[in-house]
Amino acid sequence: AQSVTQLDSHVSVSEGTPVLLRCNYSSSYSPSLFWYVQHPNKGLQLLLKYTSAATLVKGINGFEAEFKKSETSFHLTKPSAHMSDAAEYFCVVSWGGRRALTFGSGTRLQVQP
Amino acid sequence: EAQVTQNPRYLITVTGKKLTVTCSQNMNHEYMSWYRQDPGLGLRQIYYSMNVEVTDKGDVPEGYKVSRKEKRNFPLILESPSPNQTSLYFCASSLVPGPIYGYTFGSGTRLTVV
């Protein structure tokens, strides 16, 4: 079965240090990949998406992600964390078709001052 | 403003009392979907709809019903709610399913069944 795995349920970083949120997917062919962010008591906001163009994808708020087919990974990074980045992040995969989206279990990012 | 509107935002109800959570989009999207979010499980799809009068089960459809009589509306119906349906619910829409057009999510409905 197709699945999405976010390798860390919680990540804690200090403000100004790099962020790495890891995501792997299982698939026999290349899917489309997204990262969404959910701030407390808010809905889901699209950070970035990969749709088989450039493998390095730049998103909003300084985030970017690199698609590595050989590793079936789509890790999210940011060079320097800001307090406002504290939120839950979801890696989401679309294999197309009717069911559309499969969500990872989420990574809660904590940013320490 | 292009958006997906869910109502209510918060709801506390008792076991067995039928309820409906509404979802409406103003973007003329064909595809709409309902998800529930539970800690440690991410979002799981309940039902989806490809277009008017076309609906199908997602991963966790038990205990839920949907209808799609108009393109803009996709209500989620709980005929006899139970405590295990306490969750945060999201409605989403897209022009068509698949990656190209992206998805717009509503702000969520937090349901508590006691």
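Provided above is the structure to which this section pertains.
Residues numbered from 1 in each chain as written. Chains lettered and ligands numbered in written order. Predicted model: local features only at pLDDT ≥ 70, side-chain atom pairs only at ≥ 80, totals over all residues. Heavy atoms only, no water.

(A) Structural detail: the pattern of salt bridges. Tallied over the entire structure, the rule returns eight salt bridges over all chains. The partner of Asp8 of chain A in a salt bridge is Arg22 of chain A, and the shortest N-O contact between them spans 3.0 Å. One end of the pair, Asp8 of chain A, is in the loop between strand 1 (3-6) and strand 2 (10-14); the other, Arg22 of chain A, is in the loop between strand 3 (19-21) and strand 4 (23-26), with 14 residues separating them in the sequence. In this structure, the salt-bridge partner of Arg108 of chain A is Glu88 of chain A, at a minimum N-O distance of 3.0 Å. Here the residue Arg108 of chain A occupies a position in strand 12 (residues 107-112), and Glu88 of chain A occupies one in strand 10 (residues 87-94), the gap between them amounting to 20 residues. Taking relative accessible area as the criterion, Arg108 of chain A reaches 39% and is therefore assigned partly exposed. The buried category is assigned to Glu88 of chain A, whose relative accessible area is 14%. Among the charged side chains, a network of salt bridges with common partners joins Lys18, Lys65 and Glu79 of chain B. (Salt bridge = Lys/Arg side-chain N within 4 Å of Asp/Glu carboxyl O. Helix = DSSP H or I, 4+ residues; strand = E, 2+ residues; numbered from the N terminus. Buried < 20%, exposed > 50% of the residue type's maximum accessible area, 1.4 Å probe, protein only.)

(B) Quick peek at the layout of surface pockets. The space that makes up the largest pocket amounts to roughly 480 Å³. Of all elements in the fold, only strand 10 of chain A together with strand 4 (31-38), strand 9 (87-94) and strand 11 (109-113) of chain B reach the threshold of two or more residues within the lining of the largest pocket. The class makeup of the residues in the lining of the largest pocket is six nonpolar, 16 polar and six charged. (1 Å grid on protein atoms, 1.4 Å probe; cavity = no way out; pocket = protein on both sides within 12 Å on 5 of 7 lines; lining within 4 Å. Points joined across faces, edges and corners; volume = space filled by probe spheres on them. Nonpolar A, V, L, I, M, F, W, Y, C, P; charged D, E, K, R; others polar.)

(C) Fine view of the interface of chain A and chain B. Listed per partner, the contact involves 21 residues of chain A and 27 residues of chain B. Between chain A and chain B lies a buried interface of about 1800 Å² when both sides are counted; carbon and sulfur atoms form 55% of it. Linking chain A with chain B are zero salt bridges. Linking chain A to chain B there are one residue pair in polar contact (both at pLDDT 80 or more). (Contact = heavy atoms within 4.5 Å. Buried area = accessible area lost by both parts, 1.4 Å probe. Polar contact = N/O pair within 3.5 Å; in protein donor to acceptor, adjacent residues only side chain to side chain.)

(D) Expanded view of a nonpolar patch on the surface. Residues and elements named next belong to chain B. Side chains of Ile12, Val14 and Val114 sit close together on the surface and give an oily, nonpolar patch of about 300 Å² of accessible area. With respect to the secondary-structure elements, Val14 resides in the loop between strand 2 (10-13) and strand 3 (19-25). You can call Val14 partly exposed: its relative accessible area is 43%. (Patch = residues over 30% accessible without salt bridge, like charges linked within 9 Å, V, L, I, M, F, W, Y side chains within 5 Å. Areas by Shrake-Rupley, 256 points an atom, 1.4 Å probe, with all protein chains shown as cover.)

(E) Spotlight on the environment of Lys42 of chain A. Of note, Lys42 of chain A is situated in the loop between strand 5 (32-38) and strand 6 (44-50). Since its relative accessible area comes to 53%, Lys42 of chain A is described here as exposed. Setting aside residues no more than four positions away along its own chain, Lys42 of chain A makes contact with Phe90 and Ser107 of chain B.

(F) Just unusual backbone geometry, in detail. All names here are of chain B. Geometrically, the link from Asn7 to Pro8 is a cis peptide bond, its omega value of -5° lying close to zero. Within the fold, Pro8 resides in the loop between strand 1 (4-7) and strand 2. Backbone geometry at Asn28 places phi at a positive 60°, although glycine is not the residue there. Position of Asn28 relative to the elements: it lies in the loop between strand 3 and strand 4. Unlike most non-glycine residues, Glu53 shows phi in positive territory, near 65°. Considering the arrangement of structural elements, one finds Glu53 in the loop between strand 5 (42-51) and strand 6 (54-57).

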